[in-house]
Amino acid sequence: MTIHQAFWEITSVCNGMCKHCLPEGTKVIGNEFIAGIEALGRSFRKDPFGLEVADVDIKVYNTSLDRAVRVIRHKYKGVLYKVIPHCFFPVLLTRGHEVFVVYRGLVKKPVETLRKGDYLFVPIPKIEKEVTEIDVYELLKDIKIRRKPRNYEKLVKIKENIRMKSKEFSKMVGLHPARVRTLRGKIKKGGTYDTVGVVVDGDMVRFKFGKTKIPRILKVDKDLAFIIGLYVAEGCVTKNAERPNSFVVRFSFGKYELKLASKLAKSIKRKFKLEAKIKKTKTGYVVKVNSNIFGWFIKKFCGENSYNKKVPEFIRHAPADVIKEFIYSYWLGDGCFKNNVALTVSEELAYGIVFCSLRIGVLPKVKITKTRVGFMKGRLLKGGKTAYMLRFRRKEMEFIAGKRDYDELYRGHTCKVTRIEGGFKLIVDAIEKVPYNGYVYDLEVEKNHSFCANFVLVSNCMYSSGYRDKRELDLDSKLEVMEKMYEMGITRLVILGGEPTILPYFYKILSTSVQLLSLIHISEPTRPLYISYAVFCLK
């Protein structure tokens, strides 16, 4: 350790005065998640400087894949800078937070110095390992459902006559007295319902007492991508209120899409070994799959309805040809090939499709809008919901469909969204100021000290990289540093900073240290929390 490194270990602590953070709702792109930054930290603890800190162990994307070790938050009331890239998700940051800008390489600029016309950087995610198959049992083994037992009606009678002796009651219901006592014990433990989970049945999995089953090992291939893509576009999971475990997975198609519905039914039969029924309706066709285990699989990994649809992790980490099949099948169900546009009201699904697009080296344009009130095929459409419009260029959609090579996509292509080495650069269309009052957050990331906020590469706060373990150094280590400074002939130490630097904690430790080293003078700051510099003299 050099003297500069040693002194940095003493002095570089957060004073809690900086506000360089991101607000709630900012999406962080990780190896296993796409989540709001406020959802990453669980149990926050307060440190001596008024910050709230939560330890985490997650991997987040920047130009590589680095480990985040802490989430830091504090209250903030003031102005946020809203950076609006061309046809992409906006990013909100507090004053002073640094953003990576493409200018003769990657450089960091505070958000307040950004100008219209600057280029932001969106890196291409680099995953640890591609997923080629999944174990359904391992994914669903934690799910527990409640069901009525075989002797449910008799169990209800036992509950109503709980004080009657077992021998007398057994004659009434036609059960053995020992069975009556067993059922009474079940009532005391958990009521009148059984709790069952997923069990392995050969090379298949099902719920205990369930009739339908699906393969335990599923290959992540084009068949699975085709089914998942059509589901997030046109599917939903429903159940009967009187039979809470009777899941039905539905896919809705138009009146001219019978061929697509038939192809889907065959894919489900081939992939999940389940019968899919095609039913004609007034407006088109519906493909129905009656299966509890299949319904839970789809609900858990793809969402239940249009507002919480999402892209499963095993699709986001799939090989490139599987991802292209997923995007293309989603466009078949919910998109328009004339303009290469698709619309969704699910924020999580929009972020998932952008992630998948980046995985294969393309970036869709994103426009955030509101749904309109109106009628479609006799149905009332409720307006006012936030919607996400995704659009590919014609060449990009041809590449996804397998009709064009990737080398032809960006040859000689220069515009507001440009492919560069390692990612894309997006031009800044506008920067706005918006008021904010609430928590702001930041991550402490190892190595590169950066992460993707709404896919845009941003830096850690100034204090994040110097926060870890700075105050845990013992007094002997600090005395060793002071002795080294004395041996090197350092007689005066000047601490400068553009923000308050001297803390009561540091001032106390430094005072103790220099007294033990026969310090003859120290200029004492009158207001330790607010002074911007100080001079310390050594003997």
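For the structure, see preceding data.
Residues numbered from 1 in each chain as written. Predicted model: local features only at pLDDT ≥ 70, side-chain atom pairs only at ≥ 80, totals over all residues. Heavy atoms only, no water.

*Asks:* Looking at this structure, I do not really get the overall build of the protein chain. What am I missing?
*Replies:* Counting secondary structure elements, the protein chain contains 14 helices and 34 strands. In the protein chain, buried positions account for 49% of the 539 residues. For the protein chain, the proportion of contacts with a sequence separation of at least 24, taken over those separated by at least 6, is 68%. (Helix = DSSP H or I, 4+ residues; strand = E, 2+ residues; numbered from the N terminus. Buried < 20%, exposed > 50% of the residue type's maximum accessible area, 1.4 Å probe, protein only. Contact = heavy atoms within 4.5 Å.)

*Asks:* Would you mind going over the pairing of strand β10 (residues 119-123) with me for this structure?
*Replies:* For a regular strand, side chains alternate in direction, first toward one face of the sheet and then toward the other. Here β10 lies mainly inside the structure; four of its five residues are buried. As judged from the five bridges shared by β10 and strand β29 (residues 423-445), these two strands associate in the antiparallel manner. Within β29, the residue paired with Tyr-119 across the bridge is Ile-427. (Pairing = 2+ DSSP bridges.)

*Asks:* Would you explain the packing of helix α10 (residues 320-334) against helix α11 (residues 347-359) in this entry?
*Replies:* Between two packed helices, both the angle of their axes relative to each other and the distance between the axes serve to describe the pair. Across the interface, α10 lies against α11 with an axial gap of 10 Å and an inter-helix angle of 135°. In terms of axis orientation, α10 runs oblique to α11. Regarding α10 and α11, the two cross each other, and that crossing is left-handed. In this structure, α10 contributes Ile-323, Phe-326, Ile-327 and Tyr-330 to the contact, and α11 contributes Leu-349, Ile-353, Cys-356, Ser-357 and Arg-359. Each residue belonging to the contact of α10 with α11 can be placed in one class, and the counts come to seven nonpolar, one polar and one charged. (Axes fitted to C-alpha atoms, helices over the stretch in contact; angles between N-to-C directions. Parallel < 35°, antiparallel > 145°, perpendicular 65-115°, else oblique. Left-handed = near helix turned anticlockwise from the far one by under 90°. Nonpolar A, V, L, I, M, F, W, Y, C, P; charged D, E, K, R; others polar.)

*Asks:* When you look at the environment of Lys-273 in this model, what are you seeing that I'm missing?
*Replies:* Considering the arrangement of structural elements, one finds Lys-273 in the loop between α7 (258-272) and β20 (277-280). In this structure the C-alpha to C-alpha distance between Lys-273 and Lys-213, which are 60 residues apart in sequence, comes to 8.0 Å. At 3.4 Å, the side chain of Lys-273 forms a polar contact with the backbone oxygen of Arg-270. (Polar contact = N/O pair within 3.5 Å; in protein donor to acceptor, adjacent residues only side chain to side chain.)

*Asks:* Would you take a moment to explain the nonpolar core for this structure?
*Replies:* Counting 120 residues, the largest nonpolar core has Phe-251, Phe-297, Phe-326 and Phe-455 as the members making the most contacts within it. No other element matches the nine residues that helix α6 (residues 222-234) contributes to this core. Ignoring anything within four residues of it in the chain, the contact list for Phe-251 reads Ile-227, Leu-230, Tyr-231, Glu-234, Gly-235, Leu-264, Ile-268, Tyr-285, Val-286 and Val-287. Counting five residues, the second largest nonpolar core, distinct from the first, contains Cys-21, Tyr-76, Tyr-436 and Val-440. (Core = buried A, V, L, I, M, F, W, Y, C linked by side-chain atoms within 4.5 Å.)

*Asks:* Teacher, can you tell me more about unusual backbone geometry here?
*Replies:* A negative phi angle characterises most non-glycine residues, just as the trans form characterises most peptide bonds. Phi angles above zero are rare outside glycine, and Arg-104 is one such case at about 55°. If you check the backbone angles, Asn-454 has positive phi at about 55° while not being a glycine. One can find Asn-454 in the loop between β30 (450-453) and β31 (456-459). Exposure remark for Asn-454: the relative accessible area of 6% places this residue in the buried category.

*Asks:* Quick question: what am I supposed to make of the environment of Lys-433 here?
*Replies:* Mapped onto the elements, Lys-433 comes out in strand β29. Sequence-distant contacts of Lys-433, defined by excluding residues within four places in its chain, comprise Val-79, Leu-80 and Tyr-81.

*Asks:* Looking at this model, I keep getting lost on the sheet that holds strand β14 (residues 198-201). Mind explaining?
*Replies:* Across a sheet, paired strands are connected by hydrogen bonds in the backbone, their directions being either parallel or antiparallel. The strand order across the open sheet built from three strands is β14-β15-β16, with neighbouring strands paired in antiparallel fashion. Two strands bound the open sheet, and with one partner strand each, they are β14 and β16 (214-215). Two elements, strand β15 (residues 204-207) and β16, share two bridges in a ladder whose sense is antiparallel. Across the sheet, Val-205 pairs through a bridge with Ile-214, a residue of β16. Packed on one face of the sheet, helix α8 (residues 292-302) meets β14, β15 and β16 and runs near 95° to β15.

*Asks:* Would you mind going over the packing of aromatic side chains with me for this structure?
*Replies:* A ring pair, where both rings are aromatic, is described by two values, the distance of the centres and the angle of the planes. In this structure the tally under the stated criterion is 20 aromatic pairs. Measuring from centroid to centroid gives 5.3 Å for Phe-247 and Trp-296, while their planes differ by 50°, and the two rings are tilted. Of this pair, Phe-247 sits in strand β19 (residues 243-254) while Trp-296 is found in helix α8, placing the two residues 49 residues apart along the sequence. With respect to class, Phe-247 is no different from Trp-296; both count as buried. When the centroid spacing of 6.3 Å and the interplanar angle of 50° are considered together, the rings of Tyr-439 and Tyr-441 count as tilted. When its relative accessible area of 2% is taken as the criterion, Tyr-441 is described as buried. Here the aromatic residues Phe-88, Phe-89, Tyr-351, Tyr-388 and Phe-455 are joined through ring pairs into a cluster of three or more. When the ring centre of Phe-226 is taken as origin, the NZ or CZ atom of Lys-263, which lies over that ring, is 4.8 Å away. We note Lys-324 situated over the ring of Phe-399; from NZ or CZ to the ring centre the distance is 4.5 Å. (Phe/Tyr/Trp six-rings, centres within 6.5 Å; stacked < 30°, edge-to-face > 60°. Lys NZ or Arg CZ within 6 Å of the ring centre and 35° of its normal.)

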